[in-house]
Amino acid sequence: MSAHTVAPPARVELAIGGMTCASCAARIEKKLNRMDGVEATVNYATEKAQVSYADGVSVADLIAKVEATGYTAHEPEPPAVETDRDAGSAADDELRPLRQRLITAVVLAVPVIAMAMVPALQFQYWQWLSLTLAAPVVTYAAWPFHRAAFTNARHGAATMDTLISLGTSAAFLWSVWALFFGTAGTPGMTHPFELTIGRGDGAGNIYLEAAAGVTAFILAGRYFEARSKRKAGAALRALLELGAKDVTVLRAGGREATVPIGELRTGDRFLVRPGEKIATDGTVVEGSSAVDASMLTGESVPVEVAVGDTVTGATLNAGGRLVVEATRVGSDTQLARMARMVEDAQNGKAAAQRLADRISGVFVPVVIALAIATLGFWLGNGAGWTAAFTAAVAVLIIACPCALGLATPTALMVGTGRGAQLGILIKGPEVLETTRRVDTIVLDKTGTVTTGRMTLLAAHVADGTTEDEVLRLAGALEHSSEHPIARAVATGAAERVGPLPVPEDFANVAGLGVQGVVDGHAVLVGREQLLEEWEIRLPEPLARAKAAAEEAGRTVIAVAWDGAARAVLEVADAVKDTSAEAVRRLRELGLRPVLLTGDNAAVARAVAAEVGITDPADVISEVLPQDKVDVVKRLQGEGRSVAMVGDGVNDAAALAQADLGLAMGTGTDAAIEAGDLTLVRGDLRSAGDAIRLARRTLGTIRSNLFWAFAYNVAALPLAAAGLLNPMIAGAAMAFSSVFVVANSLRLRRFRAGF
């Protein structure tokens, strides 16, 4: 490495404690980003900071900066294997203090509010009972707000908690003053509950119902917010919990040993019995079975696996006994990578949210200034302390923009979590912005539109010969060959006619095919030239069938035995059953599908026609792997916003170049890393589902932000004008946060298909 090479920045994820609202996250982010060489994103919903930092900065420095800002930070503990019961109790412990304060607030605040709202309940000393009930609410139940406000004040900052603490404390202290030093404590005192502010003597008015009610409403909002955040993250936790906890490893001499999954190493061979989960990603070295991958991919049909096939950790062995050699363990497995991608996506921020964060960062000081201005305005106009004070408190309470801070993270968490359940992994929030603009989708042919492997499609037989007879003899001979075309014939024959005989003699003829003896017949299978070497000619019907198949871009194999040509077999990379429906769905989303392939024009036209791409301009063939990126650039140069779907290493550059890259999860790691969205199932229909889900998630974020903004814009003038009781303001503020979270949770009902 040269002296001038700059090392790439290191990355760390920090768990942040003590945040109570979006302004807290904005403050921490601002402080971290002021450090030299540091770039940080703090997410209030996930309570995590993603930080990249240059040389000269340590993780300890980052933690110290967060702590100096008034919060806690530490690197998250590695995920421990836990039972469902442990996970449930951990969640319960986390929410218990908040739930206890909420119950206290509700039980004590309800009678206070009832007495204030219903004059018939205002008995002789009702105001003193209200004080007795409201005191624990404003002190014990509201303590987290006061503590956070004090901590922030020490650091010269103001957050949403500052607004809540100021508002409830002001209402409570005013009431105490009015009761002890004013006329509000007089026996038999009553005052009606009004939504509008009336001018009067402040010494005779108490606002205990506002102090207790606002605390109860905001605690309720925070509690349901916390529960909803846990629900939104449930898909990620479910993903992590899919994996096996223990594994049966084969030791020297065939001895079996059951060990925790954490002790498994790459290269170890482990046993998977029927009904057990496959412990980690690996290659089958012994046995055959059907593997149910539905929990990971959503694909309901079990996949047949045999020696040499790869299997994925957390999938279920539905059939026979397997011995698997581990190829990836721990954080390298597909399951771990999926979970990491989901979490990374949840930790990111969309452009709209970055704007909301900047607004909430300056919002609190502006609101405090507005509250003081409101107080001064009402006093200057002779409205009296009561009207002025009540309007100022309502401004403080109504302004809390928690809904603004939650608008994007909750929708992202639910949307990406739901996507993971459906086998759609969204890499980051920026992806959502792109899906709205995309108008063209480039489909790589091999492995995306087609199966990616050669398949026996048709058999044309000569007079006097049956198809079963041809497949039995040709399949038996091809079964001994390792060539992909031979394997396609052997597999297709075995599927159609059952077990194949064993050849009595076999020889491979380089570049032409195979020959041998099966059931006493001298059989030739291969190119037409192989038959010609034995002076065997194709009869006219078979020659026509061969020419037609080659015109359609298929590979043709001739079959002869006992000195006569008996059949021609068509082999090709078969189009997936779902591809035509997938193309139709993409069109319905307003996308223009383009087929891209390195195959010849005949193959490209045939595949395009089969899936419903009829415009010749939308079929691009004979493209070299390195030229795929140029095709994407050319389309972009025409003013199109391009999405690309691919699965191979040679698609990686094009996926990265495209405005939106969709990688098939059945493809290579390089393609998956380069894509913005990963389609775990390898079913092209999920490309349409992915784009629909991304657009739906973006739409939810936008509606959340609209309502959060609209709510604050509409409510602040009402509060400043003295038209809102502080308790009603508190209820409305809490409702806005709950509305945003509930709106986001609707994404959990997203279904695949149209």
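As the structure is a computational prediction, the values presented were derived from the model and not from experiment.

Some words on the overall build of the chain
Per the secondary structure count, the chain includes 26 helices and 26 strands. For the chain, the proportion of its 754 residues judged to be buried stands at 53%. Taking all contacts inside the chain whose residues are at least 6 apart in sequence as the whole, residues at least 24 apart take part in 70%.

A short note on the UniProt feature "transmembrane region" (unreviewed entry) in the chain
With numbering matched to this structure, UniProt assigns "transmembrane region" (unreviewed entry) to residues 102–119, 125–143, 163–186, 206–224, 359–379, 385–408, 705–721 and 727–745. Overall, residues 102–119 shows 89% helix and 0% strand. The separation of its end C-alpha atoms is 26 Å. Secondary structure over residues 125–143 splits into 89% helix and 0% strand, and the C-alpha atoms at its two ends are 27 Å apart.

Re the sheet that holds strand β13 (residues 322–326)
Overall, antiparallel pairing links the six strands, which are arranged β6-β5-β7-β13-β8-β11 in an open sheet. Two strands in the sheet have a free side with no partner beyond their single neighbour: β6 (256–260) and β11 (310–311). Relative to β6, strand β5 (residues 246–250) runs antiparallel, the two sharing five bridges. If you follow Asp-246 over to β6, its bridge partner there is Pro-260.

Focus: helix α25 (residues 685–720)
Taking 1.5 Å per residue as the helical rise, α25 with its 36 residues ought to reach 52 Å, and the 53 Å between its terminal C-alpha atoms agrees with that figure. Phi turns positive one or two residues past the end of α25, at Gly-722, with a value near 80°.

Some thoughts on a positive patch on the surface
On the surface, a cluster of positive charge is contributed by Lys-30, Lys-31, Arg-34 and Lys-65. Looking at the secondary structure, you find Arg-34 in the loop between α1 (22–33) and β2 (38–43).

Re unusual backbone geometry
One non-glycine residue, Asp-519, lies in the positive phi region at around 50°. Within the secondary structure, Asp-519 is located in the loop between β18 (513–518) and β19 (521–526). Here Asp-519 falls in the partly exposed class, since its relative accessible area comes to 37%. Positive phi, close to 60°, is recorded for Glu-535, a residue that is not glycine. One can find Glu-535 in the loop between α18 (528–533) and α19 (540–551).

Section: the pairing of strand β7 (residues 269–272)
Alignment of β5 against β7, held across two bridges, turns out to be antiparallel. By the bridge assignment for β7, Val-249 is matched with Phe-270. In terms of strand pairing, β7 meets β13 through four bridges, oriented antiparallel. Looking at β13, one finds that Leu-271 is bridged to Val-323.

Some thoughts on the pattern of salt bridges
A pair can form between side chains of opposite charge whenever their charged atoms are brought close. Counting across every chain of the model gives 23 salt bridges. The partner of Lys-48 in a salt bridge is Glu-13, with the nearest N and O atoms 3.8 Å apart. Residue Lys-48 is found in strand β3 (residues 48–53), and its partner Glu-13 is found in strand β1 (residues 10–17); the two are separated by 35 residues along the sequence. Taking relative accessible area as the criterion, Lys-48 reaches 18% and is therefore assigned buried. One salt bridge in this structure joins Lys-546 and Glu-550, with 3.1 Å as the shortest N-O distance. Separated by four residues within a single helix, Lys-546 and Glu-550 lie in helix α19, roughly one turn from each other. Each member of the salt-bridge network shares a partner with another, and the members are Glu-581, Arg-584, Arg-585, Glu-588, Asp-683 and Arg-685.

Re the packing of helix α4 (residues 126–141) against helix α5 (residues 143–154)
Where α4 contacts α5, the axes come no closer than 5 Å and their chain directions differ by 45°. Classified by the angle between their axes, α4 and α5 sit oblique to one another. Listed contacts from α5 to Val-138, Thr-139, Tyr-140 and Ala-141 of α4 are Trp-143, Pro-144 and His-146.

Some words on the packing of helix α20 (residues 579–588) against α25
Interhelical geometry of α20 versus α25 gives an angle of 25° and a closest axis separation of 7 Å. The orientation of α20 with respect to α25, classified from their angle, is roughly parallel. Every residue of α25 that contacts α20 at Glu-581, Ala-582, Arg-585 and Leu-586 is listed here: Arg-685, Ala-687, Gly-688, Asp-689 and Ile-691.

A few points about the sheet that holds strand β9 (residues 289–292)
Spatially, three strands are ordered β10-β9-β12 in an open sheet, and the strand pairing comes out antiparallel. Unpaired on one side and paired on the other, β10 (303–305) and β12 (316–317) mark the two borders of the sheet. Relative to β10, β9 runs antiparallel, the two being bridged by three bridges. By the bridge assignment, Val-291 is partnered in β10 with Val-303.

Brief notes about the nonpolar core
Counting residues in hydrophobic clusters, the biggest one holds 48 residues, and the most contacted among them are Leu-443 and Leu-662. For this core, the leading source of residues is α25, giving eight residues. Leave out the neighbours within four places in its chain, and Leu-662 touches Ala-643, Met-644, Val-645, Gly-646, Leu-655, Leu-677, Leu-679, Ala-687, Ala-690 and Ile-691. Counting residues in each nonpolar core, the second largest holds 39 residues, with Leu-133, Ala-178, Met-189 and Ala-211 among its members.

Let's talk about helix α21 (residues 601–611)
Among the residues of α21, Ala-602, Val-603, Ala-604, Val-607, Ala-608 and Val-611 are the ones counted as buried. Of the residues flanking the end of α21, it is Gly-612, one or two places downstream, whose phi is positive at about 95°.

Points about a nonpolar patch on the surface
Together, Met-117, Val-118 and Leu-121 line one region of the surface with nonpolar side chains, adding up to about 230 Å² of accessible area. Here Val-118 lies in the loop between α3 (84–117) and α4. A residue is classified by how much of its surface remains accessible, and Val-118, at 37% relative accessible area, is partly exposed.

Describing the environment of Val-59
Locating Val-59 in the fold gives a position in helix α2 (residues 59–68). Taking the C-alpha atoms as reference points, Val-59 and Arg-11, separated by 48 residues in sequence, lie 9.4 Å from one another. Ignoring sequence-local partners within four residues, the contact set of Val-59 consists of Val-12, Leu-14, Tyr-53 and Glu-75.

The rules we used
Residues numbered from 1 in each chain as written. Predicted model: local features only at pLDDT ≥ 70, side-chain atom pairs only at ≥ 80, totals over all residues. Heavy atoms only, no water. Helix = DSSP H or I, 4+ residues; strand = E, 2+ residues; numbered from the N terminus. Buried < 20%, exposed > 50% of the residue type's maximum accessible area, 1.4 Å probe, protein only. Contact = heavy atoms within 4.5 Å. UniProt positions renumbered as here; feature names shortened; annotations may be inferred. Pairing = 2+ DSSP bridges. Expected span 1.5 Å × (residues − 1). Patch = residues over 30% accessible without salt bridge, like charges linked within 9 Å, V, L, I, M, F, W, Y side chains within 5 Å. Areas by Shrake-Rupley, 256 points an atom, 1.4 Å probe, with all protein chains shown as cover. Salt bridge = Lys/Arg side-chain N within 4 Å of Asp/Glu carboxyl O. Lys, Arg positive; Asp, Glu negative; His and termini not counted. Charge placed at Lys NZ, Arg CZ, Asp CG, Glu CD. Axes fitted to C-alpha atoms, helices over the stretch in contact; angles between N-to-C directions. Parallel < 35°, antiparallel > 145°, perpendicular 65-115°, else oblique. Core = buried A, V, L, I, M, F, W, Y, C linked by side-chain atoms within 4.5 Å.

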